[in-house]
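# Examination of the molecular architecture
For reference, the chains in residue letters:
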Amino acid sequence: MRITTGWQSTDGTTALRRVPIERRELRADDIAVRVDFCGVCHTDLHSINGMGGQGTLVPGHEFTGTVTAAGPEAHRFSPGDRVAVGTIVDSCGVCPMCRAGQENYCDEFPTLTYGGTDRVDGTTTQGGYTREYVLREAFAYPLPEGLDPAAAAPLMCAGITVWDPLRTAGVGPGSRVAVAGLGGLGHLAVKFAAAFGAEVTVLSRTPGKAADARALGAADLLPTTDDKRMQQARGSFDLVLDTISAPHDLAPLLHLVAPDGTLNLVGHLGEVSVDVMDLLIGRKKLTSSGIGGRPATAEMLAFAAEHSLTADIELLPSARVAEALTRLDRGDVRYRFVLDLSDLDASDPD
Ligand code: NAP
């Protein structure tokens, strides 16, 4: 067993505690990664809040780092290589979806980077708010040269989560795309959609983000609280990509979708209520998607490198993780917190 250090939620609190974390000894096709930077995703907050006041959890599923060791059958990486890791660290590899490169929809459910079940020993995976992670090398990606490793970390969850639906919808020049919710996912959706040549509009409850929306590549920000402008924009978008993290009424967003267009829900993943008439009129589509498979993730990283596209981040020493989670909870982030895990090398001041 290898021992590292990380930040753990105990009993569902965001006041994470610094604790020793066990990592497995390397299996034949494993690599060990020194985690350098890990993004703070709203899913981390949902997961902590969802613990029901019980158990422990080490969050973190979008990180970049440096390979420190490789198993005897791990041939893609060597110590010193820079890598990126996302929300999946294993899958069955043989089901139709895995064979199609959609490991995110593995029939046996992919092994999540935290809170997942290891396919070999049945232990619960512990995430990237740690100094070391051990995983099958097949689920690590070379971090392209030229990408800042801190600002690239959020690409591995927020980035691929918005890349996949934009690609699936064939977004390109001439597409009219609206991104609902300008947060971690939303701001990367704006950047990718604009880079694909689409005309992008941000739908936000926060009109004060208008200048940021334009700087990110959007043509405009439409305040969702402005009934008149929402009415004027009815039927305007081929794709509405909804990244809003909380439950909300879908009707106003469906009204914005053009005939034969799509509302894709990637934000709030719970139950929703829909009036089918809002789909029927204009033959609109309602869908959802989860992160992306390995080929799409590699493609996304290559595109990001080619276009120098990374997240807008606020970098904090990992000891300030509770502050990051608290501010994320109240929407006070522009646009992704990233933790610098190097402070875990020093001995615990407490
Ligand atoms: P985030 O940074 O907190 O951004 C969420 C944005 O949603 C906020 O910035 C805000 O934007 C808007 N919002 C929040 N509460 C709202 C409310 N009550 N009503 C209306 N708008 C609200 O979160 P994130 O990290 O981007 O994650 C967004 C969601 O995606 C989370 O629920 C997360 O769990 C989910 N997620 C899904 C996948 C997947 O595979 N499908 C992957 C990763 C994350 P404005 O201020 O601009 O309105």
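In what follows, the structure referred to is the one given above.
A quick note: this is a predicted structure, and the numbers were derived from the prediction, not measured.

## Overview of the packing of helix H4 (residues 158–168) against helix H5 (residues 184–195)
Contact geometry of H4 with H5 gives a least axis separation of 8 Å together with a crossing angle of 50 degrees. Our classification of the angle between H4 and H5 gives oblique. Note that H4 runs across H5; the crossing there is right-handed. Mapping the contact onto sequence places Ala158, Gly159, Thr161, Val162, Trp163 and Leu166 in H4 and Gly184, Leu185, Leu188, Ala189, Phe192 and Ala193 in H5. A per-class count over the contact of H4 with H5 returns nine nonpolar, three polar and no charged.

## Focus on the pattern of salt bridges
This structure, assessed with the given rule, holds 24 salt bridges. Between arginine 27 and aspartate 121 there is a salt bridge, with the nearest N and O atoms lying 3.2 Å from each other. Highlighted residues: arginine 27 in the loop between strand S2 (17–23) and strand S3 (30–40) and aspartate 121 in the loop between strand S8 (111–112) and strand S9 (132–136), separated in sequence by 94 residues. Two residues, glutamate 323 and arginine 320, come together in a salt bridge whose shortest N-O distance is 2.9 Å. We classify glutamate 323 as partly exposed; its relative accessible area is 30%.

## Focus: the site of the ligand
Residues in close proximity to the ligand total 26 residues, the closest being His42, Thr43, Ser204, Thr206 and Arg336. At 3.2 Å, a backbone N or O of glycine 267 approaches an oxygen atom of the ligand. Between the ligand and isoleucine 291, the relevant distance is 3.0 Å, taken from an oxygen atom to a main-chain nitrogen or oxygen of the residue. Out of a free accessible area of 930 Å², the ligand has 88% covered by protein chains. Those elements that place two or more of their residues in the shell around the ligand are helix H1 (42–49) and H5. Of the residues that constitute the shell around the ligand, the class distribution is nine nonpolar, 14 polar and three charged.

Cut-offs and rules
- Throughout this document, residue positions are counted from 1 along each chain, in the order its sequence is written.
- It should be noted that, the model being predicted, local features are given only for residues of pLDDT at least 70 and side-chain atom pairs only at 80 or more, the latter also being counted only at that level, while totals for whole chains, interfaces and linings use all residues.
- Only hydrogens and water are set aside; all other atoms, that is, all heavy atoms of the structure, feed into the side-chain values.
- As a rule, the C-alpha atoms of each element are fitted with a line to give its axis, helices using only the stretch in contact, and angles between N-to-C directions run from 0 to 180 degrees.
- Helix numbering and strand numbering both begin at the N terminus, where a helix is a DSSP run of H or I of at least 4 residues and a strand a DSSP run of E of at least 2.
- An angle below 35 degrees is treated as roughly parallel, one above 145 as roughly antiparallel, one from 65 to 115 as roughly perpendicular, and anything else as oblique.
- By definition, any crossing whose near helix is turned counterclockwise from its far helix by less than a right angle is left-handed, and any crossing with a clockwise turn is right-handed.
- Any two residues whose heavy atoms approach within 4.5 Å at even a single point are treated as in contact.
- In the scheme used here, Gly and all other residues not listed as nonpolar or charged are polar, with Ala, Val, Leu, Ile, Met, Phe, Trp, Tyr, Cys and Pro taken as nonpolar and Asp, Glu, Lys and Arg as charged.
- The rule for a salt bridge is simple: a side-chain nitrogen of Lys or Arg has to be within 4 Å of a carboxyl oxygen of Asp or Glu.
- Accessible area is worked out with a 1.4 Å probe on protein chains only. A residue is then buried under 20% of its type maximum, exposed over 50%, and partly exposed in between.
- Residue proximity to a molecule or strand is established when one non-hydrogen atom of the residue lies within 4 Å of it.
- Polar contacts, as used here, are pairs of N or O atoms within 3.5 Å; protein pairs need one atom able to donate a hydrogen and one able to accept it. Residues neighboring in sequence count only if both atoms are side-chain atoms.
- All accessible-area figures derive from a Shrake-Rupley calculation using a 1.4 Å probe, and residue coverage is judged against the displayed protein chains alone.

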